[in-house]
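As a plain string of letters, each chain reads:
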Amino acid sequence: MILTINCGSSSLKYQLYTTDLSEVVAKGLIARIGEDGSYSDHKAGGRGEKVELPVPDHKTALELMLASLMHADYGVIDCPAAITAIGHRAVHGGDVFVDSVVVDDAVMAQLRACVGFAPLHNPCNIAGIEAAMRLFPGVPNIVVFDTAFHQTVPPEAHVYALPYALYAKSGIRKYGFHGTSCRYVSQATADLLNWPIEDMKMVICHLGNGVTLTAVDGGRSVDTSIGFGTFGGVPMGTRSGDFDPSIIFHLVNQLGMSLKDVETLCYHKSGLLGVSGVSNDMREVTTRAADGDERCRLAVEIFVYQIKKTIGAYAAAMNGLDALVFTAGIGENSAEIRTRICSGLGFLGVRIDEATNEVARDGYPNISAADASVATLVVPTDEERMIAMDTLRLTPDHLLTTPRGVSARGYEQARPL
Ligand code: AMP
C-alpha cells in the first residue's frame, strides 16, 4: 500500500492507497498541531472517527496517524510493514531537484539547506519524514517537491533584474509553487483531450486559497505567477499578489510599520480579505458583491483582472494557447469566476459554453464553445494522487513484486502485476 503524507505548518493530511492506486483505503486530517483545539479526523470507508486531543508536534501527529491506521475497529493495516512506500509533499527543494526523489542523507541535507526559503513549511516536512523513518522502518520514503515542476522555467523568466550575485550566490530567483497540482492537472488535461502533452500550450489556473497561474509548454512549466516567497503573482484569499515593491519602503519609512508587520500584511491581511474587508472566501465575497457591497465587487474585479492579464501574458510568452484550465477550490466550483475570466479573452480564441460551464463539476470538464479555438476545461486537482503516482514510480521494483507476508486487512499485499 502507498501512504502519502502532507505536513503543513499546523496540519497533517494523509491518504492510504492500494498499491495499484485504484482505491483510497483510508485518509485523515490532524489539524491545529501545536495549537489549542487540535483534533484528528480519520476516515476508512464508511468508518473512522473525529477526536479532539492534544497534538503538540508533527511527530505526535504521525504517531496518531499510525494508531488510526492500525486501530482495532476501523484500522486497515496490522503493522507498519504493510506499507510499501511513503510519499511526502515538500514545499521547497531549492534549485537542486527537478523531479521527486527517494530520501537519503543528501536529500535530507538539501531539505535542511532550504529551510531559510520556506521557514514555515520545510521544518514540518523534515519532521514528517524523520518521524516516518522511525515509525515505518525499512519502508522507502519519497519526496515530491512543489518547486520541482517549475525548475524548467527558463532564466529570462526566473532571474529577477537584481544584482546577479543575489541570484548566483544567494539563490534569489523565482521558484514557483503548486507544482504538484499543476503537473497533475496538465497531464490530466492532455489525457482528457487525448492530445499529446508534448504538442500543447496550456495555462493552468490553480485558483484556491493560494493562487498560481502556470504556462505549460510541451508538458514543461515555462513561467509561473508565484515567485520567491508565496505572496506574489495574482491576489489570493489573504495574500496580496504583486504590487509595486516601493510600497514596502513607504510603509516602513513613512508609515512607521515594522518589517514583521509588513510581512503579516502581505501574507495574511491582503488579497480578497484586504480589499473586501470581510472575507478571504470567494463564496462570501461574490455573494456580498451581488448584494451590492462595493468593496467586495472591487475585490472580485481585481482578482479577475489580474488573472485575465496573466493569461494574456502567458499566451504571449508561449506564442500561442491551446488549452486554458481551471482547478482548485475557486477554479473547480465557481462558474461565475470562470465566466468573468474568460469574457474578453475571445481574441485568443477562448470562448466558453455557458450551459456547460454551469455543470462543469458534474462530469463535463470541457466547457469550450463550439467555435472556440482554445479548449477551456475544468479539471479537479489531486495533489495526493500525484504524490502517490511518483511514490509508486520511484519505489524499487523488488518491494512492489515481492509478497511481504504482512497483513493489510483484506487489501492486497503487493502490487498485482
Ligand atoms: P482550496 O485552497 O483549493 O481548498 O480552495 C479553497 C477556496 O475555494 C475557498 O477559500 C473558497 O474561496 C473557494 N471556493 C470553494 N467553493 C467555492 C464556490 N462554490 N464558489 C466560489 N469559491 C469557492
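None of these values were measured; they are calculated from a predicted model. (Residues numbered from 1 in each chain as written. Predicted model: local features only at pLDDT ≥ 70, side-chain atom pairs only at ≥ 80, totals over all residues. Heavy atoms only, no water.)

Draft legend 1. Up close: the overall build of the protein chain. For the protein chain, the count of helices and strands is 16 helices and 13 strands. Against the globule reference of 22 Å for 417 residues, the protein chain gives a C-alpha radius of gyration of 22 Å, in line with a compact fold. For the C-alpha atoms alone, the extent of the protein chain along its principal axes is close to 60 × 55 × 45 Å. Within the protein chain, buried positions represent 50% of all 417 residues. In the protein chain, the share of contacts with a sequence separation of at least 24, taken over all contacts with a separation of at least 6, comes to 62%. Within the structure as shown, the protein chain displays about 18200 Å² of accessible surface, and the carbon and sulfur contribution to it stands at 54%. The average position of the 34 basic charges and that of the 47 acidic charges among the side chains of the protein chain differ by 2 Å. (Helix = DSSP H or I, 4+ residues; strand = E, 2+ residues; numbered from the N terminus. Rg over C-alpha atoms; globule rule 2.2 N^0.38 Å. Buried < 20%, exposed > 50% of the residue type's maximum accessible area, 1.4 Å probe, protein only. Contact = heavy atoms within 4.5 Å. Areas by Shrake-Rupley, 256 points an atom, 1.4 Å probe, with all protein chains shown as cover. Lys, Arg positive; Asp, Glu negative; His and termini not counted. Charge placed at Lys NZ, Arg CZ, Asp CG, Glu CD.)

Draft legend 2. Representation of the UniProt feature "binding site: Mg(2+)" (unreviewed entry) in the protein chain within the structure. In the numbering used here, UniProt assigns the feature "binding site: Mg(2+)" (unreviewed entry) to Asn6 and Glu383. Taking the farthest pair of C-alpha atoms as the criterion, the annotated set spanning 378 residues converges on one region, since that pair is 9.6 Å apart. As for its placement among the helices and strands, asparagine 6 is situated in strand β1 (residues 2–7). Discounting residues that sit within four places of it in the chain, asparagine 6 has contacts with Ser11, Leu12, Lys13, Arg89 and Glu384. The exposure class of glutamate 383 is buried, given its relative accessible area of 18%. Beyond its immediate stretch of four places on either side in the chain, glutamate 383 contacts Arg89, Thr180 and Ser181. (UniProt positions renumbered as here; feature names shortened; annotations may be inferred.)

Draft legend 3. Summary view of the side chain of asparagine 6. On the accessibility criterion, asparagine 6 (8% relative accessible area) is buried. Within polar-contact distance, the side chain of asparagine 6 engages the side chain of arginine 89 at 3.5 Å. (Polar contact = N/O pair within 3.5 Å; in protein donor to acceptor, adjacent residues only side chain to side chain.)

Draft legend 4. Region of the structure containing the site of the ligand. Near the ligand you find Gly208, Asn209, Asp281, Met282, Arg283, Ala328, Gly329, Ile330, Asn333 and Ser334, and these make up its full shell. Residue methionine 282 places a main-chain N or O atom 2.8 Å away from an oxygen atom belonging to the ligand. In the environment of the ligand, an oxygen atom lies 2.9 Å from a nitrogen or oxygen atom belonging to the backbone of glycine 329. Considered on its own, the ligand offers 500 Å² of accessible surface; in the complex 70% of this is hidden by protein. Of all the secondary structure elements, the ones that give two or more residues to the shell around the ligand are α10 (282–290) and α12 (328–333). Broken down by element, the residue count for the shell around the ligand peaks at four residues, all from α12. Each residue belonging to the shell around the ligand can be placed in one class, and the counts come to three nonpolar, five polar and two charged. (Near = heavy atom within 4 Å. Nonpolar A, V, L, I, M, F, W, Y, C, P; charged D, E, K, R; others polar.)

Draft legend 5. Spatial organisation of the environment of aspartate 36. Within the fold, aspartate 36 resides in the loop between β3 (24–31) and β4 (39–44). Taking C-alpha positions, aspartate 36 is 21 Å from alanine 67, a pair spaced 31 residues apart along the chain.

Draft legend 6. Layout of the pattern of salt bridges. The tally for this structure, following the rule as stated, stands at 19 salt bridges. The salt bridge partner of lysine 43 is aspartate 41, with a shortest N-O separation of 3.4 Å. Given a relative accessible area of 18%, aspartate 41 falls into the buried group. Across the pair arginine 112 and glutamate 130 runs a salt bridge, and its minimum N-O distance is 2.7 Å. Placement of the pair is arginine 112 in helix α2 (residues 105–113) and glutamate 130 in helix α3 (residues 122–135), with a sequence separation of 18 residues. When its relative accessible area of 42% is taken as the criterion, arginine 112 is described as partly exposed. Since its relative accessible area comes to 37%, glutamate 130 is described here as partly exposed. Each of Glu294, Arg297, Glu301, Glu336 and Arg340 takes part in one network of salt bridges that share partners. (Salt bridge = Lys/Arg side-chain N within 4 Å of Asp/Glu carboxyl O.)

Draft legend 7. Focus on unusual backbone geometry. In this structure, arginine 32 is a non-glycine residue whose phi angle is positive, near 60 degrees. Of note, arginine 32 is situated in the loop between β3 and β4. In this structure arginine 32 comes out as partly exposed when scored by relative accessible area, which is 38%. One non-glycine residue, histidine 178, lies in the positive phi region at around 55 degrees.

Draft legend 8. Just the environment of valine 234, in detail. Here valine 234 is to be found in the loop between β11 (220–224) and α7 (246–253). Separated by 107 residues in sequence, valine 234 and alanine 127 have C-alpha atoms that sit 31 Å apart. The residues touching valine 234, leaving out its near neighbours within four places in the chain, are Val211, Leu213, Ser225, Gly241, Gln306, Ile307 and Thr310.

Draft legend 9. Representation of the sheet that holds strand β7 (residues 101–102) within the structure. A sheet is described by the order of its strands in space; here eight strands give the open sequence β5-β4-β3-β2-β1-β6-β8-β7, paired in mixed fashion. Looking at which strands have only one partner, the edges of the open sheet turn out to be β5 (47–52) and β7. Of the pairings in the sheet, the one linking β4 to β5 comprises six bridges and is antiparallel in character. By the bridge assignment, histidine 42 is partnered in β5 with glutamate 49. Its contacts with the sheet put α3 on β1, β6 (85–90) and β8 (141–145), and the angle it makes with β6 is roughly 170 degrees. (Pairing = 2+ DSSP bridges. Axes fitted to C-alpha atoms, helices over the stretch in contact; angles between N-to-C directions.)

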